[in-house]
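Chain residues, written in single-letter form:
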Amino acid sequence: MAATLLQVSDLTKIFPVGGGHQLKAVSEVSFTIRRGEALALVGESGSGKTTTGRCLLRLIEPTAGHIQFDGVDILAQTQRQFRALRPRMQMVFQEPYDSLSPRMRVGRIIEEPLRMLPELDAAERQRRALEVLGMVRLGRAAYDRYPHQFSAGQQQRIGIARALVTRPDLVLLDEPTSALDVSVRAEILDLLSDLQAELGLAYLFISHDLTAVRRVCQRVAIMYLGRIVETGETEQIFEAPLHPYSRALLSSVLYPDPASRLSRYVLTGEIPSPIDLPQGCHLASRCPMVEPRCRSAYPPMDRFGEGRSVACYRAQEMRALGGLTTH
Amino acid sequence: MSSDNPSLPATPLPRVGQQTAWRDFLSFTRQRGGFQLGLAIVALSLGLAVFGPHIGPYPTETALPGMPLQPPSWRHWMGTDVSNMDIFSRVIAAPRIDLTIALVSTAIAFAGGVALGVISGFFGGGRGVPKLLSEGIMRAADIIQAFPVFIFALALVGFRGPGTENVIAALAFLNIPYFLRITRGAVLQVRERPFVEAQRCAGNSEWRIAFVHVMPNALTPPLANISPTIGFSILLTSGLSFVGAGVPVPTPEWGSMIAIGAPNMMTGQWWTALFPGLVLGIVILGYALVGDGLKEFLDPVNKR
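Computed from a predicted model, the values in this text were never measured in an experiment.

Definitions and limits used
- Residues numbered from 1 in each chain as written.
- Chains lettered and ligands numbered in written order.
- Predicted model: local features only at pLDDT ≥ 70, side-chain atom pairs only at ≥ 80, totals over all residues.
- Heavy atoms only, no water.
- Salt bridge = Lys/Arg side-chain N within 4 Å of Asp/Glu carboxyl O.
- Helix = DSSP H or I, 4+ residues; strand = E, 2+ residues; numbered from the N terminus.
- Polar contact = N/O pair within 3.5 Å; in protein donor to acceptor, adjacent residues only side chain to side chain.
- Contact = heavy atoms within 4.5 Å.
- Buried < 20%, exposed > 50% of the residue type's maximum accessible area, 1.4 Å probe, protein only.
- Expected span 1.5 Å × (residues − 1).
- Disulfide = S-S within 2.5 Å.

A. Examining the pattern of salt bridges more closely. Inspection of the entire model under this criterion finds 33 salt bridges over all chains. Linked by salt bridges that have partners in common, A:E124, A:R127, A:R128, A:E131 and A:R167 make up one network.

B. Quick peek at the side chain of A:R128. Residues and elements named next belong to chain A. Counting through the fold element by element, R128 comes out in helix α4 (residues 122–135). Only 2.8 Å separates the side chain of R128 from the backbone oxygen of V165, close enough to count as a polar contact. Every residue in contact with R128, bar those within four places of it in the chain, is listed here: L114, L117, L120, V165, T166 and R167.

C. Quick peek at the environment of A:R54. Note that A:R54 resides in helix α1 (residues 49–56). Note on A:R54: relative accessible area 22%, which makes it partly exposed. As for A:R54 and A:T166, which are separated by 112 residues in sequence, their C-alpha atoms are 19 Å apart. Not counting residues up to four positions away in its chain, the partners in contact with A:R54 are A:L59, A:I60 and B:E197.

D. Helix α4 (residues 95–123) of chain B, seen in detail. Between its first and last C-alpha, α4(B) extends 40 Å over 29 residues, near the 42 Å set by a 1.5 Å rise per residue. Looking at the residues trailing α4(B), positive phi occurs at B:G125, about 75°.

E. Looking closely at the environment of B:A259. By the element assignment, B:A259 lies in helix α11 (residues 254–266). For the pair B:A259 and B:S238, spaced 21 residues apart in sequence, the C-alpha to C-alpha distance is 9.4 Å.

F. Broad picture of unusual backbone geometry. Residues and elements named next belong to chain A. Its identity as a non-glycine residue notwithstanding, R58 has a phi of 55°, on the positive side. Along the chain, the position of R58 falls in the loop between α1 and β4 (64–69). When its relative accessible area of 6% is taken as the criterion, R58 is described as buried. Although it is not a glycine, E175 sits at a positive phi angle of roughly 45°. With respect to the element layout, E175 can be found in the loop between β7 (170–174) and α6 (182–199). Accessibility expressed as a relative area gives 6% for E175, which makes it buried.

G. View of the state of the cysteines. All names here are of chain A. Under the defined criterion, the tally for this structure stands at 0 disulfides over all chains. As a non-bridged cysteine, C294 has C281 as the owner of its nearest cysteine sulfur, 6.0 Å distant. The structure places no disulfide on C312, whose sulfur is separated from the nearest cysteine sulfur, that of C287, by 6.1 Å.

In structure tokens, the structure reads:
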């Protein structure tokens, strides 16, 4: 069993936006997820993180690139062939209620993905559905009820149960907590963490919620305007980000402890339009460390130790700047 | 695993959603006189469709002995016509044929329109064969709707000759585009909702998503359209019968009764055409009122 579960290389998605213009939502994104590993894809709205996720599940077709799932090149498959693989790659959606068929009972919603596993009979499907309802801490009574009879947090648990019922290897979590109340959010995040450990799941956790990411994920990839600017172990990145954008993003997180004051790192200016981006680093117009070469060519991904890569010419100097927290 | 959950009771709860829906409907009805009137008329017309031919005081298809064209009296509430048939008995017997035609043709139009609407809505804007299918359906609907309805119905019936089945077929065909468009509009909204994508992730085929997951959530608008379509079909049936292209003559039918009575109107026997026309108008009004009420009741924006 290979350690690498998912390998994405040079994934690109271009949307035509009329008048011959192009919106490069995702450009040359590469990352890997090992078995049982949770990788966070972090970025603000419009950074292409959701588009990346949707390409992985073939909900939209990428323009270019390769996606290897457990050694299979999934982009070479037809949609029909890919359906056989779907039970192994499931997804949890951002909108808890809207992602559940409103006129179906919860049991049927959860069993729906099992239709792709014809070896299971009706009794076995029901057994599995009740099993995952237990895993997400909803009782058996939920089986016969309708989605609108649950709270948003419970609905999201149903969504998680549906994603787990086929016993997938990889679960794509598309902002699973951003529609929830803060109190419920913590419960769901704990549940996701527990399930990952219990079942050895791999996650691709798409989020702009940095505290959530820190809680659940072992590795982080930070996206800005369609590109991954920095990847690494969660703690490494949170302690000492090496890309100016990561640094600005992470220093914007508010921590409850006023003693752990952060050295604020603020970017000025507006995000450039993602339509017809100029060559060079996308952050060049806003970066306090910009140099002439930043404007002429996009910086390559440089490796900084084990599993750490940064796309910045000045990452070395950034490293010298030290960590974020000034205890 | 964990059967002891504090947030959920152990026994299944009653179907809260369905009970409230029924209660909502009752309180909605109570507040609307027009809707009540419509419901009463619809119920009465359905009752007459079943029992009408049997409860009239006189036979409906045979002439009575004596003078024709008797004015309304205690013996003949609506008078008699030129063949000396009792108009009241015939008027209340007419729903049997008029409603059968309207209900059957509307049912066919609903089934066909919804199915085609789901296909054209769900696959519209896509690629390949489904897209062509979707486009083809819409263009066909455009063509059908480009003709004046009555002329087209007349042409269809004229093509195959008068007769109940042919009227049903013509009306069903004419009404399909309306159900199609209404359904398509609803499907275009529903297909963008995230649960559709969730079903894709679950491994459903596109056709299954369209008919098992999207269609049940897009049925409200076409359902609300059923009642006015029935009314409209009754009117069209009568219209066809009036010009002799609908139900053949001795059968009691409002349109043909108006046609029989029309010449007598000129010579002063006003009752021959007035009563069938009046009842026809009231029944159509009833179905229109029910349709309006249902549309309002089912529209979440207008609700409360």
